[in-house]
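The residues making up each chain are set out below.
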Amino acid sequence: GAKLIVLGGPAMLIGLGGGAASSMTAGTTNADLDFASVQRENAEMERRCQEVIDRCWQMGDANPISFIHDVGAGGLSNALPELVKDGGR
């Protein structure tokens, strides 16, 4: 079977409120949810992930990557089943 690999750093609470915050009525916000909803960049982790992707596509026909998926507000419980479905596995 296919292997599912998750690249990236620890999520902690950064960006995990995105779906909840975007679904709220304007003006009914919560400071903790706002803080958790804003995704913040991590240049070092981005560079490391990009290096892995670059090395894989440089392998040509032996490239082990079939799909890449941005996790987003749905989390891994949404992203991994989508990858499996799209991969026909």
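Just above sits the structure.
About the criteria used
Residues numbered from 1 in each chain as written. Predicted model: local features only at pLDDT ≥ 70, side-chain atom pairs only at ≥ 80, totals over all residues. Heavy atoms only, no water. Helix = DSSP H or I, 4+ residues; strand = E, 2+ residues; numbered from the N terminus. Buried < 20%, exposed > 50% of the residue type's maximum accessible area, 1.4 Å probe, protein only. Contact = heavy atoms within 4.5 Å. Areas by Shrake-Rupley, 256 points an atom, 1.4 Å probe, with all protein chains shown as cover. Salt bridge = Lys/Arg side-chain N within 4 Å of Asp/Glu carboxyl O.

The helix and strand inventory of the chain stands at four helices and zero strands. When its helices and strands are written in sequence order, the chain yields α-α-α-α. The 89 residues of the chain split such that 10% are buried. Sequence separation of at least 24 residues holds for 39% of the intrachain contacts in the chain that already meet a minimum separation of 6. Accessible surface, the chain: about 7,000 Å² in total, of which carbon and sulfur atoms supply 56%.

Turning to its location among the elements, Ile5 is positioned in the segment before α1 (18-22). Relative accessible area serves as the criterion here: at 62%, Ile5 is assigned to the exposed category. Sequence separation between Ile5 and Ile65 is 60 residues, and the spatial gap between their C-alpha atoms is 9.5 Å.

Attention shifts here to the pattern of salt bridges. The final tally for this structure, using the stated rule, is three salt bridges. Put simply, Glu44 and Arg48 hold a salt bridge, and the shortest N to O gap is 2.9 Å. In this pair, Glu44 and Arg48 both sit in helix α3 (residues 43-57), four residues apart, roughly one turn of the helix. The exposure class assigned to Glu44 is partly exposed, which follows from its relative accessible area of 35%. What makes Arg48 partly exposed here is its relative accessible area of 46%. Measuring nitrogen to oxygen at the nearest pair gives 2.5 Å for the salt bridge that ties Arg47 to Glu51. With Arg47 and Glu51 both in helix α3, this residue pair falls four residues apart, about one helical turn. By sharing partners, the salt bridges in this structure join Glu44, Arg47, Arg48 and Glu51 into a single network.

From the geometry alone we can't say anything about function, so treat these as descriptive.
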